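Spelled out, the chains give:
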Amino acid sequence: MSVRRLAEASVQPASFAFNRANAAAAKQWIKKYPKGREQSAIIPLLMIAQEQEGWVTKAAIETISDMLGMPRIRGLEVATFYTQYQLNPVGTRAHIQVCGTTPCMLRGSEALMDVCRSKIHHDQFHTNDKGTLSWEEVECLGACVNAPMVMVFKDTFEDLTPERLAEIIDLYDAGKGASVTPGPQNGRTGSEPASGLTTLKSEKAILKSTRDREAREAARAAKASPDAIIAAPVPAPAAPAAPGPVAPSKSSRPKTAAPETNPTLKTPSPAKVAPVTENAASVAPPLHSAANANKAAPEVEATPKQRNGPKNRAEPGSAFKAPETKQPAAKPTKKPV
């Protein structure tokens, strides 16, 4: 990101004040934030100032900072950080922002910048001779499907060709920018494929109103010709099955992410058995024995033995001992002379 600086002092106005309508709008924005958080309103207030003056002046930054009770350096930090704020005078009728990110670059945004250079000024952030137009290259403007595109104030113009952009620039320069319809300029609607829709051509399958209407029409048709309806045969009641072993159900299984117990994979259970019946037919688990659990099965190691070694192991003689725990050495006994 390039360094963003305030405009030269020679073009800065001496003071700033909101007009009556914008002052009321600023108060409404400040009220949207809780007490003690009014400084968060600096972003919309700077935008209101830019819409009023055409660009964000130093006096506007300082005035808004004072209104919100925040240090002026904080206001300068916000204004110089966000590229949505114009810190220098721009065209009075149009400031054209040309997207230069990869999708637009691949679709010919360089040619759009050449049009701006030839019709407005060779360099960015410079107005034309009449001061009505200016331009700059910006990062992604969020319409990559409709590349290349430009933004003029709050309107986006997509699917542009150099010739169409030249026409739009001429209309804005003549004061007829309001007559230009924003959006795609090649006739397509929204971001559909350039060749036209290939999917969802009919809304019958997705609109509930359409499905309800079809259901009502089918019901009326069936009522009008009852002879065409063939009643399905009623099956005979099945003989009661002979009592047999109780099939286990899955009602008591824990619901985990494992495939064996994942409820989204194996529910509902094919067998519906009451928990009381299932518990009565189940076999009680064997009692737990810690001694048996600590022994290896003969099939594993050919001989039963404990898995863990003895808990109390003999301490090696070379082990370090703290001085206070050492036993005093035994005094040698004197041999009789």
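Residues numbered from 1 in each chain as written. Predicted model: local features only at pLDDT ≥ 70, side-chain atom pairs only at ≥ 80, totals over all residues. Heavy atoms only, no water.

Some details on the sheet that holds strand β4 (residues 155-158)
Reading across the sheet, the 5 strands line up as β2-β1-β3-β4-β5 and stay open at both edges, with mixed pairing between neighbours. Each of the sheet's edge strands pairs with one partner strand only, and the pair in question is β2 (133-138) and β5 (183-184). (Pairing = 2+ DSSP bridges. Helix = DSSP H or I, 4+ residues; strand = E, 2+ residues; numbered from the N terminus.)

Details of the pairing of β4
The side chains of a regular strand alternate, residue by residue, between the two faces of the sheet. As paired elements, strand β3 (residues 150-152) and β4 share 3 bridges and run antiparallel to each other. Across the sheet, the residue bridging to Val150 is Phe157, located in β4. If you look at the hairpin formed by β3 and β4, you'll find 2 residues sitting between the two strands, and Phe153 has a positive phi there, around 55°. Regarding topology, helix α7 (residues 162-173) serves as the crossover connection from β4 to the parallel β5, and that connection is left-handed. (Right-handed = clockwise from strand over helix to strand, strands pointing away.)

With respect to helix α6 (residues 109-119)
Ser109, Leu112, Met113, Val115 and Cys116 are the residues of α6 that are buried. Seen end-on, α6 carries its buried residues on one side only, within an arc spanning 150°. (Buried < 20%, exposed > 50% of the residue type's maximum accessible area, 1.4 Å probe, protein only. Arc of directions from axis to C-beta.)

Here we look at the confidence of the model for the protein chain
Interpretation of the predicted coordinates at a detailed level should be avoided for regions scoring low in pLDDT. Scored by pLDDT, the protein chain comes out at a mean of 81, with 73% of its residues at no less than 70. The secondary-structure element of the protein chain with the lowest mean pLDDT is helix α11 (residues 298-301), recorded at 68, while α6 shows the highest, at 95. (pLDDT = per-residue confidence, 0-100.)

A closer look at the side chain of Gln97
Tracing the chain through its elements places Gln97 in strand β1 (residues 94-99). A polar side-chain atom of Gln97 sits 3.1 Å from a polar atom in the side chain of Glu136. Apart from the residues lying within four places of it in its own chain, the contact partners of Gln97 are Gln86, Glu136, Val138, Leu141, Met149, Val150 and Met151. (Polar contact = N/O pair within 3.5 Å; in protein donor to acceptor, adjacent residues only side chain to side chain. Contact = heavy atoms within 4.5 Å.)

Describing the pairing of β1
For β1, the tally of buried residues reaches 6 of 6 residues, placing the bulk of the element in the interior. Bridge count for β1 against β2 is 6 bridges, and the pairing is parallel. Opposite Val98, over in β2, you have Glu137 as the bridge partner. Sheet analysis places β1 next to β3, joined by 3 bridges and oriented antiparallel. For Ile96, the partnering residue across the bridge sits in β3 and is Val152.

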